[in-house]
Amino acid sequence: MRDHGGDAHPVQLDVTDEKSVRSAAEWIDSAYGRLDALVNNAGITGGAESGAPSATPLATLRAVYETNVFGAIAVTNAMLPLLRRAPAARIVNVSSEVGSLTAMTDPESPLRNLNLPPSVPYPSSKSALNMVTVMYAAELADTPIKVNAANPGYCATGLNGNSGFRTAEQGAEVSVHLATLPDDGPSGVLWGDLWTEGGANSSGVLSW
Ligand SMILES: NC(=O)c1ccc[n+]([C@@H]2O[C@H](COP(=O)([O-])OP(=O)(O)OC[C@H]3O[C@@H](n4cnc5c(N)ncnc54)[C@H](OP(=O)(O)O)[C@@H]3O)[C@@H](O)[C@H]2O)c1
C-alpha cells in the first residue's frame, strides 16, 4: 500500500483474543482518535475437520464461530466508540453467499456446480454473521454509520486452496465499495458478487 502512495500502518490483531482486540482499539484511538471504516475480514472455514452435519465436531464449530461471528462482534463493539467519532463510518462484515439461505436452497444456483459437501460450521457462521449485520444496522439506523455484509465471490485464496475463479483483488473491491459508500448508500444488506444471478463479475444486492 505504501508503494502505491498509501499511508499504511499495520496493527496486530487476533479477533479471538479480547486483550488483542482492546489493544488494537487503544492504538487506533491514540494514533488517530477515530475510525472511518472497519472491515471485519478475518475468517476461517474449519477445513476438512468440519465433517458432515451429523458428524460436526463441536470444537471445530466453536473455533469457526469464535473467529467468524464472536470475533466480528468483539471487534465491532471495541471499535464502535471510535467509529461514532468519525463523520460517517462504515462497517463491512465479510460474509459469503454460502451463508445465504436463499442461494443455498436454490436448485438453480450455480453454487451447486461447486459440489460443496454439506457442512455446518462455515456456512452457518456466515448466516449468523448476516443476521449480526442486520441487527447492528438496525441499532445504528439513526446514526451516519452504515453496516453491510460483503460477498467477495469465489476467490482464489488460502481459504480454499486457491481454487476460486475470482482474484483476491476482485474480492477486496467488494469490501472497498461498501467501506466507501456515499451517504445515500444502503445499510443492512448483503452486497457483492452476483455469480448466482448476473454472470461473472457483476455486483449487487443478494438475497439473505
Ligand atoms: N476466498 C473466497 O472464495 C471467499 C468467499 C466468500 C467469503 N470469503 C471470506 O473472505 C474473508 C477473507 O478470506 P480469504 O479468502 O482472504 O482467506 P484467507 O486468505 O485464508 O485469509 C483469512 C484471513 O483471516 C485472518 N484471520 C483468521 N483468523 C484470525 C483471527 N483470529 N484474528 C485475526 N485475523 C484472523 C487471517 O490472518 P492470518 O493470515 O494472520 O492467519 C487471514 O488474513 C473471510 O471472512 C472469508 O470467509 C472468502
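What you are looking at is a predicted structure, and each value in this text was computed from that prediction instead of being measured. (Residues numbered from 1 in each chain as written. Predicted model: local features only at pLDDT ≥ 70, side-chain atom pairs only at ≥ 80, totals over all residues. Heavy atoms only, no water.)

(A) A look at the packing of aromatic side chains. Scanning the entire structure with this criterion turns up 4 aromatic pairs. With 5.0 Å between their ring centres and 65° between their planes, F165 and W195 make a pair best called edge-to-face. Taken together, the residues F165 in the loop between β3 (146–151) and α5 (168–179) and W195 in helix α6 (residues 195–198) connect sequence positions 30 residues apart. Under the relative-accessibility criterion, W195 is labelled buried at 18%. (Phe/Tyr/Trp six-rings, centres within 6.5 Å; stacked < 30°, edge-to-face > 60°. Helix = DSSP H or I, 4+ residues; strand = E, 2+ residues; numbered from the N terminus. Buried < 20%, exposed > 50% of the residue type's maximum accessible area, 1.4 Å probe, protein only.)

(B) Region of interest: the pattern of salt bridges. Overall, the coordinates contain 4 salt bridges when judged by the stated rule. Residues R34 and D36 are paired through a salt bridge, measuring 3.2 Å at the closest nitrogen-oxygen approach. Given a relative accessible area of 37%, R34 falls into the partly exposed group. Notably, a salt bridge pairs D183 with R90, separated by 3.4 Å at the nearest N-O pair. On the criterion of sequence distance, the pair formed by D183 in the loop between α5 and β4 (190–193) and R90 in strand β2 (residues 90–94) is long-range, its members being 93 residues apart. Under the relative-accessibility criterion, D183 is labelled exposed at 63%. R90 sits in the buried class, given a relative accessible area of 3%. (Salt bridge = Lys/Arg side-chain N within 4 Å of Asp/Glu carboxyl O.)

(C) Just the pairing of strand β1 (residues 37–40), in detail. Because side chains alternate across β1, one face comprises the buried residues L38 and N40, and the other comprises A37 and V39, none of which is buried. Sheet topology note: the β1/β2 ladder contains 4 bridges and is parallel. Its bridge partner being in β2, N40 is matched across the sheet by N93. Traced from β1 through helix α2 (residues 58–85) to β2, the parallel crossover comes out right-handed. (Pairing = 2+ DSSP bridges. Right-handed = clockwise from strand over helix to strand, strands pointing away.)

(D) Representation of the sheet that holds β2. One open sheet accounts for 5 strands, arranged β1-β2-β3-β4-β5; its pairing is mixed. Strand pairing shows two members of the sheet lacking a second neighbour, β1 and β5 (203–206), which therefore form its edges. For this sheet, the mean angle separating the axes of adjacent strands, direction not counted, is 25°. Where β4 and β5 come together, 4 bridges link them in antiparallel fashion. (Axes fitted to C-alpha atoms, helices over the stretch in contact; angles between N-to-C directions.)

That is the geometry; function is a separate question.
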